Amino acid sequence: MEMIIKETAETTSITAARWVARLVREKPNAVLGLATGSTPLKLYQELIRLHQEENLDFSEVTTFNLDEYIGLPRDHEQSYYTFMWKNLFSQINIDPKKVHIPDGMAPDIPAACAAYEEAITQAGGIDLQVLGIGSDGHVGFNEPTSSFASRTRIKTLTRQTLKDNARFFDGDESQVPQHCITMGIGTIMDARCTLMLAFGKAKAEAIAAMVEGPVAAVVPASILQHHPHAKVFIDDEAASGLQRADYYRWVYDGKPEWQIDA
Ligand code: GLP
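Residues numbered from 1 in each chain as written. Predicted model: local features only at pLDDT ≥ 70, side-chain atom pairs only at ≥ 80, totals over all residues. Heavy atoms only, no water.

(A) Structural view of unusual backbone geometry. Unusually for a residue other than glycine, Asn-55 sits at a positive phi of about 60 degrees. One can find Asn-55 in the loop between helix 2 (41-54) and strand 3 (62-65). For Asn-55, a relative accessible area of 65% translates into the label exposed. Phi is positive for Thr-145, close to 80 degrees, though the residue is something other than glycine. Examined against the element boundaries, Thr-145 turns out to sit in the loop between strand 6 (128-131) and strand 7 (153-156). (Helix = DSSP H or I, 4+ residues; strand = E, 2+ residues; numbered from the N terminus. Buried < 20%, exposed > 50% of the residue type's maximum accessible area, 1.4 Å probe, protein only.)

(B) Seen up close, the pattern of salt bridges. The final tally for this structure, using the stated rule, is 15 salt bridges. Among the salt bridges present, the one from Arg-22 reaches Glu-26, with a minimum N-O distance of 4.0 Å. Here Glu-26 and Arg-22 lie together in helix 1 (residues 9-26), a separation of 4 residues that amounts to about one turn. The exposure class of Arg-22 is partly exposed, given its relative accessible area of 37%. A residue is classified by how much of its surface remains accessible, and Glu-26, at 58% relative accessible area, is exposed. (Salt bridge = Lys/Arg side-chain N within 4 Å of Asp/Glu carboxyl O.)

(C) Representation of empty space enclosed by the protein. Applying the stated criterion across every chain, the model contains 1 cavity of 30 Å³ or more. There is about 40 Å³ of room inside the largest cavity. Lining the largest cavity are Leu-32, Leu-34, Leu-47, Phe-58, Val-61, Thr-63, Leu-88, Phe-89, Ile-92 and Ile-94. Grouping the constituent residues of the lining of the largest cavity by class yields 9 nonpolar, 1 polar and no charged. (1 Å grid on protein atoms, 1.4 Å probe; cavity = no way out; pocket = protein on both sides within 12 Å on 5 of 7 lines; lining within 4 Å. Points joined across faces, edges and corners; volume = space filled by probe spheres on them. Nonpolar A, V, L, I, M, F, W, Y, C, P; charged D, E, K, R; others polar.)

(D) Layout of the site of the ligand. Surrounding the ligand, one finds 13 residues, the nearest of these being Ser-38, Thr-39, Asp-67, Arg-167 and Lys-203. Gly-140 is positioned with one of its backbone polar atoms (N or O) 3.3 Å from a nitrogen atom of the ligand. Contact distances for the ligand include 2.8 Å between an oxygen atom and a side-chain N or O atom of Arg-167. Taking 390 Å² as the accessible area of the ligand by itself, protein coverage stands at 95%. Here the ligand occupies the largest pocket. (Near = heavy atom within 4 Å. Polar contact = N/O pair within 3.5 Å; in protein donor to acceptor, adjacent residues only side chain to side chain. Areas by Shrake-Rupley, 256 points an atom, 1.4 Å probe, with all protein chains shown as cover. Sits in = over half its atoms within 2 Å of the grid points.)

(E) Structural context of a nonpolar patch on the surface. Taken together, the side chains of Tyr-247, Trp-250 and Val-251 make up a nonpolar region of the molecular surface, amounting to roughly 380 Å² of accessible area. Of the residues examined, Tyr-247 reaches a relative accessible area of 48% and is grouped as partly exposed. (Patch = residues over 30% accessible without salt bridge, like charges linked within 9 Å, V, L, I, M, F, W, Y side chains within 5 Å.)

(F) Fine view of the packing of aromatic side chains. Going through the model one piece at a time under the given rule, you end up with 10 aromatic pairs. The interplanar angle of 40 degrees and the centroid separation of 6.2 Å between the aromatic rings of Trp-19 and Phe-233 together place this pair among those described as tilted. Note that Trp-19 is positioned in helix 1 and Phe-233 in strand 10 (residues 230-235), a separation of 214 residues in sequence. When its relative accessible area of 6% is taken as the criterion, Trp-19 is described as buried. Judged by relative accessible area, Phe-233 falls into the buried class, the value being 0%. Relative to Trp-85, the ring of Tyr-81 has its centre 6.5 Å away and its plane inclined at 45 degrees; by these criteria the two rings are tilted. One end of the pair is Tyr-81 and the other is Trp-85, both in helix 3 (residues 80-87) and 4 residues apart, which spans about a single turn. The exposure class of Tyr-81 is partly exposed, given its relative accessible area of 28%. Judged by its relative accessible area of 22%, Trp-85 falls in the partly exposed class. Cluster of aromatic residues (ring-pair linked, three or more members): Tyr-69, Tyr-80, Phe-141 and Phe-169. Here Lys-231 stacks its cationic end above the ring of Trp-19, 4.7 Å away from the centre of that ring. (Phe/Tyr/Trp six-rings, centres within 6.5 Å; stacked < 30°, edge-to-face > 60°. Lys NZ or Arg CZ within 6 Å of the ring centre and 35° of its normal.)

(G) Main features of the nonpolar core. Counting 71 residues, the largest nonpolar core has Tyr-44, Leu-47, Ile-234 and Leu-242 as the members making the most contacts within it. Among the elements that make up this core, the one with the highest residue count is helix 1 (8 residues). Not counting residues up to four positions away in its chain, the partners in contact with Leu-242 are Met-3, Ile-207, Ala-208, Val-211, Glu-212, Ile-234 and Tyr-248. If you look at the next biggest cluster of nonpolar residues, it comprises 10 residues, including Leu-72, Phe-141, Ala-166 and Val-176. (Core = buried A, V, L, I, M, F, W, Y, C linked by side-chain atoms within 4.5 Å. Contact = heavy atoms within 4.5 Å.)

(H) Expanded view of the sheet that holds strand 10. Within the open sheet, the 7 strands sit side by side as 1-10-9-6-2-3-5. Their pairing is parallel. Each having just a single partner strand, strand 1 (2-6) and strand 5 (99-100) make up the two edges of the open sheet. Taken together, the 5 bridges between strand 9 (residues 193-198) and strand 10 define a ladder with parallel strand orientation. If you follow Met-196 over to strand 10, its bridge partner there is Val-232. Lying over the sheet, helix 1 contacts strand 1, strand 2 (31-34), strand 6, strand 9 and strand 10, oriented at roughly 155 degrees with respect to strand 10. (Pairing = 2+ DSSP bridges. Axes fitted to C-alpha atoms, helices over the stretch in contact; angles between N-to-C directions.)

Shown next as structure tokens:
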């Protein structure tokens, strides 16, 4: 894992966006894996700015989102479909035909999950997967004890995740759907590189467990220790539980010119 620690969520997101933009400029038909939640919002804002002010072109980019709630219609204000169109897609020149988000209303969900995996394969695999982390260490909606070999499938959310996400549903935990479709951990690990973002003290424990704890299914994100190209962009607060934070900062600050890509 490569740790990139910046002072604030804003500077961290801008640095991460530069890395995404570099990929899109080098490979205009890149396949991006995207995430929802509050964490990637600033990254998306910066990508929109780069599109509007610096001509970052998304016309040939294909996207696959990590997850979606089961039972929320696409036009529900808390569906991840609505989230993505509101916070990113409507403000860049993406081709709607190249956007993929799991359909939580599909009549045959297992078949829709298998088709989603197939579509990723047909697109040539994911070049870069954006990830957030749940306070319990989940990635996508792969809750603790998810199989490291899992593919896109139905999952049941933990009480903790329902509690965490209740803020988007008028603070009412009972309104948060209990089930979801999520890319599996195996799907995420197949991405050619991963870009994890985490901000704030509430994520410090999960980040410490992911980076410095043992690789274990109880902390799904810890599998990224086995990924050959995993970058972790976090702010000082999210880094506050790391024992070796000074080392990571020293490595990043001392990167030779020829090695700098973020
Ligand atoms: C949600 C999403 C994840 C996200 C995580 C953190 O449940 N399914 O993809 O990374 O929880 O959310 P937030 O960024 O709002 O803290």
